[in-house]
Amino acid sequence: MRVRFAPSPTGYLHVGGARTALYNYLAVRGNGGEFILRSDDTDTLRSSDEFQQDILEGMRWLGLDWDEGIDKDGPHAPYRQSLRLDRYRQVAERLMEGGQAYLCFATAKELDEMRRVAQAEGRPPGYDGRYRDYDPTEAAKRRAAGEDAVIRLKVPRPGETVFRDLVRGEVRFGHDHVEDFVILRSNGTPTYHLASSVDDVDFEITHVIRGEDLLSSTPKHILIGEALDAVPIRYAHLPLLMGPDGKKLSKRHGDTSLRAYREAGYLPEAMVNYLALLGWSFGEDQDVFTLEEAVGRFRLDAVQPNAAIFDNDKLLWMNGVYIRNMGDAEFLSRLEHLIADEYGELSPLQRSRLAGIAPHVKERIKLLTDVGEQVRFLLTDDIEYDSGSWEKIMTAPDAAAAVDDALARLRDLEVWDTQHIEGALRAMLDHLQLNGRKGLQPLRVAISGSSISPPLFESLEVLGRDDSLARLEAARSRL
RNA sequence: GCCCCCAUCGUCUAGCGGCCUAGGACGCCGCCCUUUCAAGGCGGUAACGGGGAUUCGAAUUCCCCUGGGGGCACCA
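Attention in this report is confined to the structure presented alongside it. Here the structure is a predicted model, which is why all the values come from computation and not from measurement.

Here we take up helix H16 (residues 399–411). Taking 1.5 Å of rise per residue, 13 residues should cover 18 Å, and H16 covers 18 Å from first to last C-alpha, within 8% of that figure. Buried residues of H16: Ala399, Ala402, Val403, Asp405, Ala406, Leu407 and Leu410, and no others. Here the buried face of H16 lies against helix H15 (387–394), helix H17 (418–432), helix H18 (436–448) and helix H20 (465–477).

This is how it looks when you write it as structure tokens:
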């Protein structure tokens, strides 16, 4: 088995592309075959190196490694279509010489007219084949004289292309609906259909796994393969990814680039896991699994044929699962990087505080980037009180008394750790006959500035005695 | 307009003729736990688009309708 993922570097790698790459990976890794990463960059105007790099980065980030292709080389190099232009032209010329393709001189105006008339008559819009039987010698002469001409494939007529799609079963297209399509433009460059099909043949691809949007182009690709007398390729068309509105996922649904998700604090493992679920199920009522586990179970014929809506809520939930499952050390190191990006180089004190609070923060965030507001109060002395929290908590009847009493007890505390702090504060609650909500929330607001924060006792320990007392006093004085 | 694909809870899905009074997950709603927020536990809400046909028996097979989607370039 040899599969390929062949994105055009005309934009950042998006989640739909990532899903296609993932399914290719899943299909081939369980088969001991090769995964080829190709660059369909024939559109030189829209292609850019920045996008190409982004695709590479995205693939690596997800952990989808490939065997041959861009950045990797291999027996069929180069894997970049822009470097194989001569090859495509030669193939087109050869097909023409063999009578399987022909020159066409129809102008843009003529083509427009054809389409208009065909539609008006309820026929499939498209080229009418007017140069199909044109005298080749005459055609060659006209081209030699400098006239613009494209090369079109001579689609067998009458005829029909039937193939067995690996996820959809038998699909058939009558050739009445497949025009003699252009394979080589008048400027000598190949169309997508030609370049892609030639590469698939040249690179000995056995299975083409791609989005359903290419299903109706498949007859063209099969026809080119047949004209080339190549070994038939198997096709699997994956269901499309849709936005919440049920339309094909695209820019209109916001930034759907993979990088946007990475920057938003999603983990690659969660992304891979979630993407795998869009069109496939692991089975046994299990939907959290690793890439390796998925490889072991994946089957193309188990892929769902119907489109899937990308549900950010579930992705978010899953990301939380992966964050919680992360090792403390790994989480801490990710956290340090993130915090350093925001606050600059961390001081030893900040680092140790981060390390102390990290395990507690890990349990309560869904996005890596959520971490900032949870730990802010530990990184700066300049805490700002959330006005809503302050009014609701600090102006309550028992707030001042709770702070005073806590202050007194904490000052005398012999050992400053979670356990002792909890003991002292529970004694305070007991003494004042207050429940946790009334007695502890004021302390939380006093030290963190908000009624929402990591667990109080742990936070106090991490903050340290001096700063904790200082903050309680500062808050008290504002009452 | 023409061609193709698809059709189970709001969403992702399990189901491949009887195990289905349709299972799981996300979301949502309760309750419990609880110092906040989470997490966790328990429970609940919610679906086989419609009509025929085949069959002793259809979510599962076939046909039609409806609905949704994709594609119809010298873009990929």
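By the element assignment, Asn273 lies in helix H9 (residues 268–276). Here Tyr322 takes part through its side chain, which lies 2.5 Å from a polar atom of the side chain of Asn273. With sequence-adjacent residues up to four places away left out, Asn273 is seen in contact with Asp287, Val288, Phe289, Met318 and Tyr322.

Let us now look at the protein's contact with RNA strand B. Looking at RNA strand B, there are 69 residues lining it, with Arg168, Arg185, Lys247, Gln304 and Arg444 nearest. A distance of 2.7 Å separates a phosphate oxygen of RNA strand B from a polar backbone atom of Gly279. Between RNA strand B and Ile309 there is a distance of 3.1 Å, counted from a phosphate oxygen to a backbone nitrogen or oxygen. Elements represented by at least two residues in the surface near RNA strand B include exactly helix H4 (108–120), strand S5 (150–153), strand S7 (169–174), helix H6 (192–202), strand S12 (308–309), helix H11 (312–325), H18 and helix H19 (456–463).

As defined by bridge partners, strand S1 (residues 2–5) adjoins strand S2 (residues 34–37) across four bridges and the pair is classed as parallel. Its bridge partner lying in S2, Val3 is registered against Phe35. In this region the chain leaves S1, passes through helix H1 (residues 15–29) and returns to the parallel neighbour S2; the handedness of that crossover is right-handed. Examined bridge by bridge, S2 and strand S3 (residues 68–69) share two bridges and lie parallel to one another.

On to the environment of Val208. Within the element layout of this structure, Val208 appears in strand S9 (residues 207–211). When near neighbours in sequence (up to four residues on either side) are disregarded, Val208 contacts Arg4, Asp200, Ile233, Arg234, Tyr235 and Ala236.

What follows deals with the sheet that holds strand S4 (residues 101–104). Sheet strands pair via backbone hydrogen bonds, and the direction of the pair is either parallel or antiparallel. One open sheet accounts for three strands, arranged S4-S5-S8; its pairing is antiparallel. Edge strands, defined here as strands with exactly one partner in the open sheet, are S4 and strand S8 (182–184). Mean inter-strand twist for the sheet, computed between neighbouring axes without regard to direction, equals 45 degrees. Packing against the sheet, helix H3 (residues 85–97) makes contact with S4, S5 and S8, and its axis sits at approximately 120 degrees to S8.

Moving on, we get to the packing of aromatic side chains. Think of a pair of aromatic rings as described by two things: how far the centres are apart, and how the planes are tilted against each other in angle. For the coordinates displayed, the defined rule picks out 17 aromatic pairs. When the centroid spacing of 6.3 Å and the interplanar angle of 75 degrees are considered together, the rings of Tyr25 and Phe35 count as edge-to-face. You can see Tyr25 sitting in helix H1 and its partner Phe35 sitting in strand S2, a full 10 residues away along the chain. Across the pair, Phe35 and Tyr25 agree in class, each one buried.

Attention now goes to the packing of helix H12 (residues 328–343) against helix H13 (residues 348–362). One can describe the packing of H12 onto H13 by two numbers: an axis separation of 9 Å at closest approach and a directional angle of 120 degrees. In this view, H12 runs oblique relative to H13, as classed from their interaxial angle. When you trace H12 past H13, the crossing you get is right-handed. On H13, the residues that touch Asp328, Phe331, Leu332, Leu335, Glu336 and Ile339 of H12 are Arg351, Leu354, Ala355, Ala358, Pro359, Val361 and Lys362. Of the residues that constitute the contact of H12 with H13, the class distribution is nine nonpolar, no polar and four charged.

Within soluble globular proteins, side chains that are nonpolar tend to cluster in buried spots. In terms of nonpolar packing, the biggest core is built from 117 residues, with Met271, Phe310, Phe331 and Leu425 touching the most fellow members. Broken down by element, this core gets its largest block of residues, nine residues, from H1. Apart from residues lying up to four places away in sequence, Met271 is in contact with Val15, Trp61, Leu62, Leu258, Tyr261, Phe310 and Leu315.

A word on the packing of H15 against H18. Each pair of packed helices can be described by the angle between their axes along with the distance between the axes. At a minimum axis distance of 9 Å, the contact between H15 and H18 shows a crossing angle of 150 degrees. The angle between H15 and H18 falls in the class roughly antiparallel. Once H15 is placed against H18, the crossing between them reads as left-handed. Within the contact between the two elements, H15 uses Ser389, Trp390, Ile393 and Met394 and H18 uses Gln441, Pro442, Val445 and Ala446. When grouped by side-chain class, the residues that make up the contact of H15 with H18 number six nonpolar, two polar and no charged.

Glancing now at the pattern of salt bridges. Counted under the stated rule, the structure contains 44 salt bridges. Where Glu68 meets Arg2, a salt bridge forms, and the shortest distance between an N and an O atom there is 2.8 Å. With Glu68 in strand S3 and Arg2 in strand S1, this pair connects stretches of sequence that are 66 residues apart. Accessibility assignment for this pair places Glu68 and Arg2 in one class, buried. When the shortest N-O distance is used, the salt bridge between Arg411 and Glu473 registers 3.0 Å. Separated by 62 residues along the polypeptide, Arg411 in helix H16 and Glu473 in helix H20 bring together distant segments of the chain.

Basis of the calculations
Residues numbered from 1 in each chain as written. Chains lettered and ligands numbered in written order. Predicted model: local features only at pLDDT ≥ 70, side-chain atom pairs only at ≥ 80, totals over all residues. Heavy atoms only, no water. Helix = DSSP H or I, 4+ residues; strand = E, 2+ residues; numbered from the N terminus. Expected span 1.5 Å × (residues − 1). Buried < 20%, exposed > 50% of the residue type's maximum accessible area, 1.4 Å probe, protein only. Contact = heavy atoms within 4.5 Å. Polar contact = N/O pair within 3.5 Å; in protein donor to acceptor, adjacent residues only side chain to side chain. Near = heavy atom within 4 Å. Pairing = 2+ DSSP bridges. Right-handed = clockwise from strand over helix to strand, strands pointing away. Axes fitted to C-alpha atoms, helices over the stretch in contact; angles between N-to-C directions. Phe/Tyr/Trp six-rings, centres within 6.5 Å; stacked < 30°, edge-to-face > 60°. Parallel < 35°, antiparallel > 145°, perpendicular 65-115°, else oblique. Left-handed = near helix turned anticlockwise from the far one by under 90°. Nonpolar A, V, L, I, M, F, W, Y, C, P; charged D, E, K, R; others polar. Core = buried A, V, L, I, M, F, W, Y, C linked by side-chain atoms within 4.5 Å. Salt bridge = Lys/Arg side-chain N within 4 Å of Asp/Glu carboxyl O.

This is a description of form; function is not addressed.
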